[in-house]
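# Report on the structure
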Amino acid sequence: MTTRHHLEKALHELGLSVAVMTPISGHSISVYPLRLGEVKGERIQGQLDELAGRLGIRAIRGAFIEGSSRYGLEVPNTERYTLNASEVPKAVKQFNLALHIGIDIYGTWKTVDLAKAPHMLLGGGTGSGKSTAVHGFICNLIKHKNANQLRFVMIDPKRVELNYYRNLEHLLCPPITDPQTAVAMLNSLADHMDKRYSLLEQETTRDIESYNKRSKQKLPYIVVIIDELADLMLASKGNCEKALVRLAQKARAVGIHLILATQQPKSEIVTSLIKVNIPVRLAFAVGNHHESRAILDSNGAEQLLGQGDCLFYNRQGNLIRLQNPFMSEQDIRKHIDNRAYGSFTDYFMQQHGDDFKLETQATAVDKDLHLFEEAKQLAISQGKLTTASLVNADLCSRAKAQRIMHQLRTAGVIGEHSASLGHSPLLLQVEQDNS
Ligand SMILES: Nc1ncnc2c1ncn2[C@@H]1O[C@H](COP(=O)(O)OP(=O)(O)OP(=O)(O)O)[C@@H](O)[C@H]1O
Ligand SMILES: [Mg+2]
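Because the structure is a prediction, the values reported are computed rather than measured. (Residues numbered from 1 in each chain as written. Chains lettered and ligands numbered in written order. Predicted model: local features only at pLDDT ≥ 70, side-chain atom pairs only at ≥ 80, totals over all residues.)

## A few points about the domain arrangement of the protein chain
- For the protein chain, the assigned domains are domain 1 (3-76), domain 2 (85-355) and domain 3 (361-434).
- Centre-to-centre separation of domain 2 and domain 3, based on C-alpha positions: 37 Å.
- Counting residues at the interface gives 8 residues for domain 2 and 6 residues for domain 3.
- Along the lines of polarity and charge, the residues of the side of domain 2 that touches domain 3 split into 2 nonpolar, 3 polar and 3 charged. (Domains from an automatic or database assignment. Contact = placed C-beta atoms within 7 Å. Nonpolar A, V, L, I, M, F, W, Y, C, P; charged D, E, K, R; others polar.)

Quick look at the structure:
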């Protein structure tokens with residue numbers, strides 16, 4: 001008897017009289033479409049564990065088949081076929097930052113343009129295939145974009161995953177392994193993002209694409225990769241979340257994009273603030289439905305099989321089961337070695353390199369204190385202070401100036417509603433301090 005007949009028989013024994021149709025077979029799973037008749041999909045959904053148990057199958061997932069109104073059962077294949085890196089599609093012209101997520105059961109590739117996504121979250125248990133997917137993304141991006149078009153910031157608290165790329169010319173700095181430095185870098189990136197907005201304003205353009213068409217000085221896309229997010233969030237939860245959310249909310253137009261991977265999909269790590277700003281998500285096999293919900297807002301990832309079997313949640317809110325391609329160490333090395341290194345004039349770093357000088361949290365705090373003092377002196381000498389006057393005095397970027405203004409208000413150096421010191425009793429405090 002075939003699996004199809006076993007399924008039909010077991011469904012009937014469970015009181016679900018549905019017809020099982022010819023399966024469509026993918027690399028890891030086959031989908032058996034059902035002719036439901038009077039039976040509701042939800043009734044079958046409630047019996048899937050029982051059904052899998054009766055057939056001795058690890059897990060069966062039920063879902064409406066993409067592009068059709070038919071409900072189907074996704075059953076693991078007894079033999080799986082590895083999808084190799086060599087099968088990844090060649091250039092996808094209309095995409096700026098193509099990420100090949102995987103193929104569906106029909107053998108159709110699903111590709112996302114990270115430039116539009118604009119950020120991606122990957123979650124899954126240990127060994128489920130996250131880092132392999134991340135390698136695939138990186139290798140494909142460097143294949144099509146040179147270092148003047150694309151730069152990476154790689155954050156690798158585990159110290160092993162992203163080490164391959166340490167000499168890649170696309171890196172803005174060597175892979176960062178220390179969580180404090182990583183958070184400082186995220187903050188620098190957020191400041192650089194604000195600077196990019198000012199550049200766009202000057203050219204009267206609204207996004208990086210049109211800016212690069214008009215301006216002589218091109219800006220590269222910057223892709224920030226974090227593998228693993230949990231280590232960062234646990235080391236400095238508030239600061240890391242704040243920096244990520246700041247970037248996730250605003251960075252798209254200026255060409256800065258995030259790819260975040262975590263082995264611990266739970267609400268302390270993938271907070272609702274992070275999630276709401278990252279609409280495109282990829283779930284690999286997880287241990288339970290709570291973890292699945294933490295990534296996808298729905299069940300399903302607990303039924304995945306591992307080894308790159310994944311559920312892709314796209315901007316339209318659809319869940320699609322895909323097989324991610326495998327990347328061996330040789331595949332990765334081949335991509336890196338194939339890059340033509342050599343005379344590469346780093347215009348971007350010549351102009352903006354100071355924005356990415358790696359600072360530890362401690363030196364960042366020192367710098368902020370220094371800036372605070374300078375701003376305070378300026379306020380006293382001028383009798384008033386505005387964000388613009390801090391920027392005009394070349395003390396800092398506009399975003400930083402706003403932060404310093406806030407700190408000066410909180411410290412009572414300037415009044416709550418007015419930047420003027422003239423009538424504020426707090427001015428006396430400042431003057432006394434300096435007398
Ligand atoms: N797409 C794939 N196809 C086939 N095998 C895969 C695929 N992805 C991963 N694997 C297998 O699973 C192993 C673990 O994958 P990977 O290191 O990507 O997991 P991970 O999710 O990053 O785990 P961790 O959370 O521990 O870092 C790989 O070494 C490989 O053997
Ligand atoms: Mg990993």
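## Re the nonpolar core
- Counting 86 residues, the largest nonpolar core has L186, V223, I225 and L247 as its most contacted members.
- The element best represented in this core is helix 5 (residues 179-202), accounting for 9 residues.
- Judged by nonpolar contacts, the second largest core, of 14 residues, contains V20, L51, I60 and V75. (Core = buried A, V, L, I, M, F, W, Y, C linked by C-beta atoms within 7 Å. Buried ≥ 20, exposed ≤ 12 C-beta atoms within 10 Å, placed from the backbone. Helix = DSSP H or I, 4+ residues; strand = E, 2+ residues; numbered from the N terminus.)

## Here we look at unusual backbone geometry
- Residue P118 follows A117 across a cis peptide bond; omega there is -5 degrees.
- With phi around 70 degrees, R159 is a residue other than glycine that occupies positive phi space.
- Mapping R159 onto the fold places it in the loop between strand 9 (150-155) and helix 5.
- Non-glycine residue D297 carries a positive phi angle of around 65 degrees.
- The residue D297 is located in the loop between helix 10 (289-296) and strand 13 (309-313) in this model.

## Considering the packing of helix 5 against helix 15 (residues 398-410)
- Here helix 5 crosses helix 15 at 120 degrees, and the two axes come no closer than 8 Å. On the basis of their axis angle, the class for helix 5 and helix 15 is oblique. Contacts between helix 5 and helix 15 involve D191, D194 and S198 from the first element and R398, A399 and K400 from the second.
- Within the contact of helix 5 with helix 15, the residues separate by chemical class into 1 nonpolar, 1 polar and 4 charged. (Axes fitted to C-alpha atoms, helices over the stretch in contact; angles between N-to-C directions. Parallel < 35°, antiparallel > 145°, perpendicular 65-115°, else oblique.)

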